[in-house]
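Survey of secondary and tertiary structure
Residues per chain, in single letters:
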Amino acid sequence: MRLSLPPAAFFLVAGELSSLLQKHGFSLMPDMPLIVALSPVVQPYLTGSSSNHTYYSGFATVEGYDFTISNTSYVISGSGPIGAWWGTRTLLQQLVLSQHGDDVRYSVPAGSGTDSPGWEVRGFMLDAGRHWYEADFLADVCTYASFFKINEFHIHASDNLWIPSLLYGPDWHSLYSGFRFQPPQGSPVYGLGPYRNESWSYSDFTRMQTHCAQHGVTIVPEIDTPGHSLVISQWRPQLMLNGTPDSLNLTQPETIPTIQSIWAQFISWFSSNEVSIGADEYPSSLADAYISFVNDMSSYIGGMSGKGIRVWGTYEPSNTSSISTNVTIQHWDLPGDSIPVSLLDSGYRVINSEQAFLYLDGKIPAEGGFSQTLNLSLLFSGADAQGGGWAPNVFTASDPGNNTAHNNAGLRGAIFALWNDWGPNATTPLETYYQLAQSLAVFAEKTWAGSGVRSSELTIEQFEAAYPPLNSRAPGQSLNRAVKDLVTGDIVYAFESVPYFPFHTGVDSVGPPYTLSFSVRPTAADVQTTGNTTASRLFGGSDTVLYASSLTFSCNAEHYPLPSTFRLEPDVWTNVSIRATREYTYATIILDRGGSETLWYQTTLNIWGDYLTQANMSFAAPSGIIGSPSFKGDIANVLLCLG
């Protein structure tokens, strides 16, 4: 399939490959003609558009596009470069949904139409402050989100765990915190951030940011102050509010200049027109100082960079001052922290992140908590007593008076949030993808079309039918670590013997469900449980590593051993079968001399400091390399199959 581009018609991807399928990584699309009606070949074109596209608010948008499909052409006319881009997403989705079974032909009905999003902000937030993510993983998430026309990625880049016994005790400095932008050598803020290896360098971040922008997704960075700021207090203890290390003392003369110096260091990294200063959950007794801070930061960042700011909608009562209406309020808690209709009536611009609909958490403790994925029933039929669907103008299902019209000029859109309250060991990036995948797709539908506005909006039945093929064929990434052309029950590879270590298999990582079986005879040094327990690597891949010591999985800088009672016996053959699904991973151990046991890979979660609980882990298979130079034992009978 060939794509012809008029000169400068699609500036967004200028200089990239001209083939649409090749450019956007549609590697799963077989070579074949595209047919419309009865025509064997169709030429797609991208052009500028003279149509006047608007959001529901009536404001003009460059995100709209028109399309005209004939027997010989598929013409996408964007009101701006990004509009043409979204039009190509629709084309690719149509191709996926038009294939039936093993039929290698793709047919798209001839006709014409126009399309534009209902709201300007259609985004997702990921808590990277409490959980480290590599830049390449986040870039792939942008690619996936773009396929569904999500246009913002809000990165919550600084935060800390909340374990009161540590946070408000003498050991507060040891509590986990994160700051993900890496200050360069010689920077005045160089010491900020306790884990330099868990931060993005300028080149890491800007590469990710450029990749996302090329796919139509704007990164909106957040550095959260003056609350949620333990990472700053650990760096500069003199700035913290007395007795509250996660809050900064805004009346301390050095505090605001220090926060401004952090933004001065990093503001040039960010290509977005807006940034978030967080400003969440600060003591309401200090409302006047808080409001003054927000307004000062709005002026400072605006004067320095021309960028606007956003804050979380925290209720700060004051009889003498108010936050400037130049600041966008990201509402999250009705009625505890803000009343969005009152904000709109007062002239504020509002983004809906209401937790009742839009909050997720990295793992759910057994006793309940935020959902792990957006609730389809809630979004399609649980937003009011009449069974109506959710949209960005809906803040509550129980009080229609606290919702607003879909075309309210101050309502900018919505962002759903995935928090990592239980810390860096609670989930793997693969599990984060599982949480985001369907959530991004349904959220994209609801923030593009809304509910009860367009006849073309999807029903839940239509969404559930369309999502699986779209998810499996989403271009340009392999976040689910699927193996091309293989299905459940197929063998990925099998090696009766391994000729040498390290042995490269050519299959770097495989996502669940899978079963990895092997026989292993380690030496005593391979299975030591003290000292360097990660020296003897059995299997490795881009996502995970499996070590001989306690059959420990390593993923994303965290380690997950089997229970402490287990240890591979040295100089004895042991048969191991590791099975993983999206929900769990376990190992079945069978000794040559008889006997077996099944052990589960789990992690310990600290729930707000109240109690500890166990949670299952799901790992991608470390399928790329068998053995390592430091492993001195033997590995045989390796079998990796799907299912």
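Scoring rules and cut-offs
- Residues numbered from 1 in each chain as written.
- Predicted model: local features only at pLDDT ≥ 70, side-chain atom pairs only at ≥ 80, totals over all residues.
- Heavy atoms only, no water.
- Core = buried A, V, L, I, M, F, W, Y, C linked by side-chain atoms within 4.5 Å.
- Buried < 20%, exposed > 50% of the residue type's maximum accessible area, 1.4 Å probe, protein only.
- Helix = DSSP H or I, 4+ residues; strand = E, 2+ residues; numbered from the N terminus.
- Expected span 1.5 Å × (residues − 1).
- Contact = heavy atoms within 4.5 Å.
- Pairing = 2+ DSSP bridges.
- Axes fitted to C-alpha atoms, helices over the stretch in contact; angles between N-to-C directions.
- Phe/Tyr/Trp six-rings, centres within 6.5 Å; stacked < 30°, edge-to-face > 60°.
- Lys NZ or Arg CZ within 6 Å of the ring centre and 35° of its normal.
- Patch = residues over 30% accessible without salt bridge, like charges linked within 9 Å, V, L, I, M, F, W, Y side chains within 5 Å.
- Areas by Shrake-Rupley, 256 points an atom, 1.4 Å probe, with all protein chains shown as cover.
- Salt bridge = Lys/Arg side-chain N within 4 Å of Asp/Glu carboxyl O.

Overview of the nonpolar core
Formed by 116 residues in total, the largest nonpolar core has its most connected members in Phe181, Trp200, Trp263, Ile277 and Val294. Looking at this core element by element, the count peaks at eleven residues for helix α12 (residues 429-448). Counting 40 residues, the second-largest nonpolar core is a separate cluster that includes Phe495, Val498, Val520 and Phe619.

Topic: helix α7 (residues 255-266)
When the terminal C-alpha atoms of α7 are compared, their 17 Å separation across twelve residues agrees well with the 16 Å that a helix rising 1.5 Å per residue should span. Most of α7 sits out of view: nine of its twelve residues are buried. Residues of α7 that are buried include every one of Thr255, Ile256, Thr258, Ile259, Gln260, Ile262, Trp263, Gln265 and Phe266, and no others. Close packing links the buried residues of α7 with β10 (177-179), β11 (218-225), α6 (230-235), β13 (244-248), β14 (274-278) and α8 (287-305).

What to know about the sheet that holds strand β28 (residues 585-591)
With antiparallel pairing, the six strands of this open sheet are ordered in space as β20-β33-β22-β27-β28-β29. Unpaired on one side and paired on the other, β20 (491-497) and β29 (596-600) mark the two borders of the sheet. Averaged over neighbouring strand pairs, the angle between their axes works out to 15° when direction is ignored. Where β20 and strand β33 (residues 634-642) come together, five bridges link them in antiparallel fashion. Residue pairing for β33: alanine 494 is matched across the bridge by leucine 639.

Some thoughts on the packing of aromatic side chains
Under the criterion given, the structure shown has 48 aromatic pairs. With centroids separated by 5.5 Å and ring planes inclined at 70°, the aromatic side chains of tyrosine 500 and phenylalanine 503 adopt a geometry described as edge-to-face. Taking the relative accessible area as the measure of exposure, phenylalanine 503 reaches 12% and is therefore buried. These aromatic residues form a ring-pair network of at least three members: Trp132, Phe179, Phe181, Trp200, Tyr202, Phe205, Trp263, Phe266, Trp269 and Phe270. Over the face of the ring belonging to tryptophan 85 we find arginine 89, whose NZ or CZ atom lies 4.0 Å from the ring centre.

What about a nonpolar patch on the surface?
Where nonpolar side chains cluster on the molecular surface, the patch consists of Trp162, Tyr168 and Trp608 and spans about 300 Å² of accessible area. Tracing the chain through its elements places tryptophan 162 in the loop between β9 (158-160) and α4 (164-167). Residue classification places tryptophan 162 among the partly exposed residues on the basis of a relative accessible area of 36%.

Observations concerning helix α3 (residues 135-147)
With 13 residues, α3 should cover 18 Å at 1.5 Å per step; its first-to-last C-alpha distance of 19 Å lies within 8% of that length. Across the 13 residues of α3, eleven count as buried, placing the element largely inside the fold. Three or more residues of α3 are buried, namely Ala135, Phe137, Leu138, Ala139, Val141, Cys142, Thr143, Tyr144, Ala145, Ser146 and Phe147. Where the residues of α3 are buried, they touch α2 (81-98), β7 (121-127), β8 (152-156), α5 (202-214), α12 and α13 (460-473). One or two steps after α3, the chain reaches lysine 149, where phi turns positive at roughly 75°.

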